[in-house]
There are 2 protein chains.
Amino acid sequence: MATITIVGAGMMGTALCWPLRDNGHTVRLVGTFLDGDIINSLHATGFHPTLQRQVPEGVQPYFENQIGDALGDTDLIVVGVNSLGVDWFTMKVGPFLKPGSKLIAVTKGLEDLPNGDLQIIPEGIMRRLPVGLQGHVSINAIGGPCIAHELAARRHTGVVFCGQNSAVLQELRQLFTTSYYHIWISTDVVGVEVCAALKNAYAMGVALAVGMMDQSGLDGLAAMYNPQAALFAQSCFEIRHMLQITGGGVDNIAWLPAPGDLYVTVFGGRTLRLGRLLGQGFSFDEAHSQLAGVTLESVEIITRIGRALKRLEARGIVQNDEFPLIKHLDNVIHNGVKVNIPWEAFFTR
Amino acid sequence: MATITIVGAGMMGTALCWPLRDNGHTVRLVGTFLDGDIINSLHATGFHPTLQRQVPEGVQPYFENQIGDALGDTDLIVVGVNSLGVDWFTMKVGPFLKPGSKLIAVTKGLEDLPNGDLQIIPEGIMRRLPVGLQGHVSINAIGGPCIAHELAARRHTGVVFCGQNSAVLQELRQLFTTSYYHIWISTDVVGVEVCAALKNAYAMGVALAVGMMDQSGLDGLAAMYNPQAALFAQSCFEIRHMLQITGGGVDNIAWLPAPGDLYVTVFGGRTLRLGRLLGQGFSFDEAHSQLAGVTLESVEIITRIGRALKRLEARGIVQNDEFPLIKHLDNVIHNGVKVNIPWEAFFTR
């Protein structure tokens, strides 16, 4: 049995308590500065307010200011913050890391560097650590289709643990595997992480057609799966191309990280709500104001990719006619454009 | 303007009347021996009983025994029968073909040959023609995500026309393209057709989890998108492998033919109903009797692939641990096995 410290008490970080407690591990769950109410609730009743469920018996909640205690003598640190929490995470956790420390991140996202290169979360965390630690801690990550609510309900879930070292990944796999949490491993960290980030962008693309479907039906047929399917296919097409550009393995286009995670995010994710409103004909500002308070990883990743693509085009790495779907999403979000799917630009190279 | 004869007045063949009539072509629609009632209805009122919609103005209906008239002076023949109608089609239409005749098929399926090789529909049609015509007619096909009801409602639809000759494909593309029917072309006939056939098999695989979702919810959460997504991903994984074995391009795994068509078939196809019943715990015999009268391309293709895999394994082309999902579906259909997803067998090579 191991001791595992989850930093970030949001839905995804907390959901990992189920397989970990089912396996008998000691689980410490640390709230960020945003999670005070959650930790209070866990202390009082064990009820997680956003997962809307009792956490498993024995999960130990910690407030942000107790993070030192939570990280003492721990075997593994789970990075449970969202993509905007990476600075906070490294600032708070960095001082407690030692050479040989092991981490695994559920954070999804990419950072666009000033030259337009896109950097994955494990590299972004590593870059922020003190120079003496860089390359001396093991930062792994989890990709693949997993809605937190469903993992907490012990639904069958298939994910990919990625990292540079297969032996470490096998070890991590053993800590987390249960009869319902199925884990495959991959040393293609860039590929898995690029997919994990992009699925939030492209799920919004597919969701546009769900919104268009809401508005249709005047001819007696509301169904709009043909357009959704074409958008899903174009999303796969652009994800594969982004894998090529970033150096990730294109094989990810045929298993859990790309089509699997995109599928689940279209149906289960929060992104659906925004994409649907846009597809119904609302402007981004109108749609955004209807969703006040929801963290939109999708908007963040589309913004970052949109910014990166301009720089990659300037460098000649990407051509102007590539990535038409994500560029349209970027225009909808940042230039006040209404949804108007660029069908004829799809599936070209 | 051209004259186009559609042979087979089922839903998919008939749905093509919309783009063709919108482009002003002469459209002749010929019923098979199963379509007498449909042709009667079209003559009487223009109403198509299974599409539940008036066909476009000017579509000319023909009974089976008028097929000679319908094929006279035609520019293009659409093969609109299902996979069980290929023998009938070649018997009836073959005598009217000439060197240079052009055909395009919406039929989806694969034939398993005695040695286990899988043959695509255009090759199956060619093989049945008189020797003097073999290689002298152009047999093209349509793949990609298209639910007939939605095409008839003029929903945006993206498809792939495949064939051996790019110039012919460009010509066909021009005949059919409208503002809502978006066509890309591919000379990878094997790849596109293998995907078009397999999607019916794998949509049933994903639908199992939809049925499992119907039965869940005892813990307050009915959602079951994690299992659906893992099954969708395993489907993509097996489709890619089948592309490799059949010599189809693996690139199809990243656009309309594979993920696009699988997506639409999960949600819009008739296959969903059977897979869902199986996922709810019914045996195949029980589920099948509830769906009496529905043509199940999915059952047909799973049966053929199951048969082919045994022969391909005997020849050493396929290993025993490959294709675990479709083999499970085959066992459910033919060996009375109840659904029990073989998660641990997924994503191995």
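Details of the structure are given in the entry above.
Heads up: these notes are all about the structure in this document.

Conventions adopted
- Counting starts from 1 at the beginning of each chain's written sequence and moves along it residue by residue.
- The order in which chains are written sets their letters, starting at A; the order in which ligands are written sets their numbers, starting at 1.
- The predicted origin of the model limits local features to residues at a pLDDT of at least 70 and limits the giving and counting of side-chain atom pairs to 80 or more, whereas totals for whole chains, interfaces and linings rest on all residues.
- Water and hydrogen atoms play no part in the side-chain values, which are based on all heavy atoms of the structure.
- Each residue is assigned to one of three classes by its accessible area relative to the maximum for its type, calculated with a 1.4 Å probe on protein chains only: buried under 20%, partly exposed between the two thresholds, exposed over 50%.
- Strands are runs of DSSP state E lasting at least 2 residues, helices are runs of H or I lasting at least 4, and numbering of each runs from the N terminus.
- We call two strands paired when DSSP finds no fewer than two bridges between them.
- Least squares is the method for superposing the copies, and the C-alpha atoms it fits come from residues with pLDDT of at least 70 in both.
- Throughout, a residue-residue contact means that at least one pair of heavy atoms, one from each residue, lies within 4.5 Å.
- Angles run from 0 to 180 degrees between N-to-C directions of axes, and those axes are lines fitted to C-alpha atoms, restricted for helices to the stretch in contact.
- Buried area: the sum, over both parts, of the accessible surface (1.4 Å probe) that disappears when the two are put together.
- By convention in these notes, a salt bridge is any Lys or Arg side-chain nitrogen within 4 Å of a carboxyl oxygen on Asp or Glu.
- Here a polar contact is taken to be a pair of N or O atoms separated by no more than 3.5 Å, where protein atoms must pair a possible hydrogen donor with a possible acceptor and residues adjacent in sequence count only if both atoms sit in side chains.

This part covers the pairing of strand β6 (residues 76-79) of chain A. Residue and element names in this part refer to chain A. Every second residue of β6 is oriented toward a common face, with Leu76 and Val78 on one face and Ile77 and Val79 on the other, all of them buried. For strand β1 (residues 3-7) and β6, the ladder comprises 4 bridges, and the chain directions are parallel. Across the sheet, the residue bridging to Ile6 is Val78, located in β6. Where β6 and strand β7 (residues 102-105) come together, 3 bridges link them in parallel fashion. For Ile77, the partnering residue across the bridge sits in β7 and is Leu103.

This brings us to the relation of the copies chain A and chain B. Overlaying chain A on chain B yields an RMSD of 0.0 Å, the required transformation being a rotation through 180 degrees with an accompanying axial translation of 0.0 Å. In short, the pair behaves as if placed about a two-fold rotation axis. Residue by residue, 98% of the interface of chain A is reproduced at the interface of chain B, so both copies engage with the same surface.

All names here are of chain B. Among the 11 residues of helix α15 (residues 324-334), 8 are classified as buried, and the element is accordingly described as predominantly covered. Restricting attention to buried positions, one finds in α15 the residues Pro324, Leu325, Ile326, His328, Leu329, Asp330, Val332 and Ile333. On the buried face of α15, the contacting elements are α9 (189-215), α10 (225-246), α12 (271-279), α13 (284-290) and α14 (297-314). Positive backbone phi, approximately 70 degrees, marks Gly336, located one or two places after α15.

This paragraph deals with the sheet that holds strand β7 (residues 102-105) of chain B. Residues and elements named next belong to chain B. Strand order in this open sheet of 8 strands is β5-β2-β1-β6-β7-β10-β11-β12, and the pairing throughout is mixed. Two strands bound the open sheet, and with one partner strand each, they are β5 (60-62) and β12 (181-186). Pairs of neighbouring strands in the sheet enclose a mean axial angle of 25 degrees, with direction left out of account. Bridging between β7 and strand β10 (residues 138-143) involves 4 bridges; their strand directions are parallel. Looking at the pairing, Leu103 lines up with Ile139 of β10.

On to the interface of chain A and chain B. Contact residues are listed per partner, giving 49 residues for chain A and 50 residues for chain B. When chain A packs against chain B, close to 4,300 Å² is buried across both sides, 62% of that on carbon and sulfur atoms. Of all residues in chain A, the largest losses of buried area upon contact with chain B belong to A:Arg155, A:Asn226 and A:Tyr263, amounting jointly to 18% of the total for that side. Taken together, chain A and chain B are joined by 2 salt bridges. One salt bridge in this structure joins B:Arg240 and A:Asp251, with 3.0 Å as the shortest N-O distance. Where chain A meets chain B, there are 20 residue pairs in polar contact (both at pLDDT 80 or more). Those elements that provide at least two residues to the side of chain A that touches chain B are α7 (148-152), β11 (157-162), β12 (181-186), α10 (225-246) and α11 (256-268) of chain A.

For the structure shown, the criterion picks out 28 salt bridges over all chains. Residue A:Arg128 is joined to A:Asp87 by a salt bridge in which the shortest nitrogen-to-oxygen separation is 2.6 Å. One end of the pair, A:Arg128, is in helix α6 (residues 121-128); the other, A:Asp87, is in helix α5 (residues 86-93), with 41 residues separating them in the sequence. The salt bridge partner of B:Lys199 is B:Asp261, with a shortest N-O separation of 2.9 Å. Taken together, the residues span a long stretch of sequence, with B:Lys199 in helix α9 and B:Asp261 in helix α11 (residues 256-268) at a distance of 62 residues. Judged on exposure class, the residue B:Lys199 and its partner B:Asp261 are both buried. Each member of the salt-bridge network shares a partner with another, and the members are A:Asp87, A:Glu111, A:Arg127 and A:Arg128.

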